[in-house]
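# Close look at the chain arrangement
Letter by letter, the chains look like this.
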Amino acid sequence: MTRIRPCRLLLSRVLIAGVCLAPCGFAGLIFEGVAQASGGGFGGNITLLSIQATGTERGCISWNGTTQVIGSAACISGYPPQGGGVSAPPGGDEKTGANQTQTRTIAQTGALNANQIRFVFNANEGGGASSAITLADALVAFYAPTGTLLWHSGLSAGGPFTPRTFLDPTGTGTSGQVYRLDFADVQTVQNLVFNRPDYQNVRVGIQFAATQANSGADNFFVTNNAALGFPEVPEPSTWISLASGLLAFFAFWRRRRGAPADG
Ligand SMILES: [Ca+2]
Ligand SMILES: [Ca+2]
């Protein structure tokens, strides 16, 4: 009986190690890595929100069933305060030129399920000493064609957005910081958004805030993983399978190492 407890402890440790081999998902949006766009860059028809200010900048875009809503009326508030203390509401720094700030349909993103949707932060900081920018808050939202808010990442099971500083986000329009949904949220978004018969017409909105902002407008795009060369969000079962494999290997290694025999 005394040998059971260490085994259970080992099992739990290996499971935790296996689950956290992924970019560990404990927030409303998970930073996944940097993507480089080829050819004409990210631009085109997938821009969600473009904001510009010096210092702190904020913006919000939503859909009311008839038209785009930009600025404070579009902001979702009341979700948990963000780590950096700077939240997107009440907006106000949105750029409203052609193709700069608008919700997009799921059809436009090219995502066929919740594992595939991606959000790309593309900053223009002009390089040099002021090139750093901190993404202080970001919240994505899905709206039914009628304007009903279906889900937003402030409701994430993983908790609030984690601010992140990008020291040198070079490559305006061609280099972006990629975010995906927490894998706990993927199932929720699949159920509430992608399982709808009209999901292709569901609209994606966003709000975000940045600090240390300078130079040109900073953008968020929406797209799909394949367009960026990224894998789909791994299912938790993938990591549990990996953890099980590691556990079997570890047990084998312990036996080879000559752990005391039972009998
Ligand atoms: Ca800066
Ligand atoms: Ca900027």
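Residues numbered from 1 in each chain as written. Chains lettered and ligands numbered in written order. Predicted model: local features only at pLDDT ≥ 70, side-chain atom pairs only at ≥ 80, totals over all residues.

### Observations regarding the overall build of the protein
Looking only at helices and strands, the protein features 5 helices and 12 strands. Looking at the protein as a whole, 41% of its 263 residues are labelled buried. Taking all contacts inside the protein whose residues are at least 6 apart in sequence as the whole, residues at least 24 apart take part in 84%. (Helix = DSSP H or I, 4+ residues; strand = E, 2+ residues; numbered from the N terminus. Buried ≥ 20, exposed ≤ 12 C-beta atoms within 10 Å, placed from the backbone. Contact = placed C-beta atoms within 7 Å.)

### Overview of helix H3 (residues 183–194)
Within H3 the residues assigned to the buried category are Phe 183, Asp 185, Val 186, Val 189, Val 193 and Phe 194. Down the axis of H3, the smallest arc covering the buried residues is 120 degrees, so these residues share one side. (Arc of directions from axis to C-beta.)

### As for the sheet that holds strand E10 (residues 175–181)
An order of E1-E10-E6-E12-E2 is seen for the 5 strands of this open sheet, with the pairing classed as antiparallel. What marks the edges here is a single partner per strand, and that holds for strand E1 (29–36) and strand E2 (47–51). On average, each strand axis in the sheet is inclined to that of its neighbour by 25 degrees, with strand direction left out of account. Sheet topology places strand E6 (residues 117–122) next to strand E12 (residues 218–224); 6 bridges connect them, and they run antiparallel. Across the sheet, the residue bridging to Phe 119 is Val 222, located in E12. (Pairing = 2+ DSSP bridges. Axes fitted to C-alpha atoms, helices over the stretch in contact; angles between N-to-C directions.)

### A closer look at the confidence of the model for the protein
For residues with low pLDDT, the predicted coordinates do not support detailed interpretation. On average, the protein scores 82 in pLDDT, and the residues at 70 or more come to 76%. When the elements of the protein are averaged for pLDDT, helix H1 (residues 4–19) gives the smallest value, 40, and strand E3 (residues 55–63) the largest, 98. Below pLDDT 50 for its whole length, residues 1–26 participates in 30 contacts with residues either more than four positions away or in separate chains. (pLDDT = per-residue confidence, 0-100.)

### Here's the deal with unusual backbone geometry
Look at the link from Pro 89 to Pro 90: it is a cis peptide, with omega at 5 degrees. Secondary-structure assignment places Pro 90 in the loop between strand E4 (68–70) and strand E5 (104–105). Even without a glycine there, the phi angle at Ser 215 is positive, about 60 degrees. Counting through the fold element by element, Ser 215 comes out in the loop between strand E11 (203–213) and E12. Classification of Ser 215 as partly exposed rests on a count of 17 C-beta atoms within 10 Å.

### Here we look at the nonpolar core
Within soluble globular proteins, side chains that are nonpolar tend to cluster in buried spots. With 58 residues, the main nonpolar core has Ile 206, Phe 208 and Phe 220 as its most contacted residues. Broken down by element, this core gets its largest block of residues, 9 residues, from strand E7 (residues 133–143). What Phe 208 contacts, discounting residues up to four positions off in sequence, is Leu 49, Gly 59, Ala 88, Leu 135, Asp 137, Ala 138 and Phe 220. (Core = buried A, V, L, I, M, F, W, Y, C linked by C-beta atoms within 7 Å.)

### Section: the pairing of E11
Among the 11 residues that make up E11, 9 are buried, leaving the element largely enclosed by the rest of the structure. The sheet contact formed by E3 and E11 spans 6 bridges and is antiparallel. Bridging across to E11, Gly 59 finds its partner in Phe 208. Where E5 meets E11, 2 bridges bridge the pair, whose relative direction is antiparallel. Looking at the pairing, Arg 104 lines up with Val 204 of E11.

### Things to note about the environment of Ser 156
Note on placement: Ser 156 falls in the loop between strand E8 (149–152) and strand E9 (164–166). For Ser 156 and Leu 139, which are 17 residues apart along the polypeptide, the C-alpha to C-alpha distance reads 9.8 Å.

### Describing the environment of Ser 130
Structurally, Ser 130 can be placed in the loop between E6 and E7. Between the C-alpha atoms of Ser 130 and Gln 212, which are 82 residues apart in sequence, the distance is 7.7 Å. Residue contacts for Ser 130: discarding those within four places in its chain leaves Glu 125 and Asn 214.

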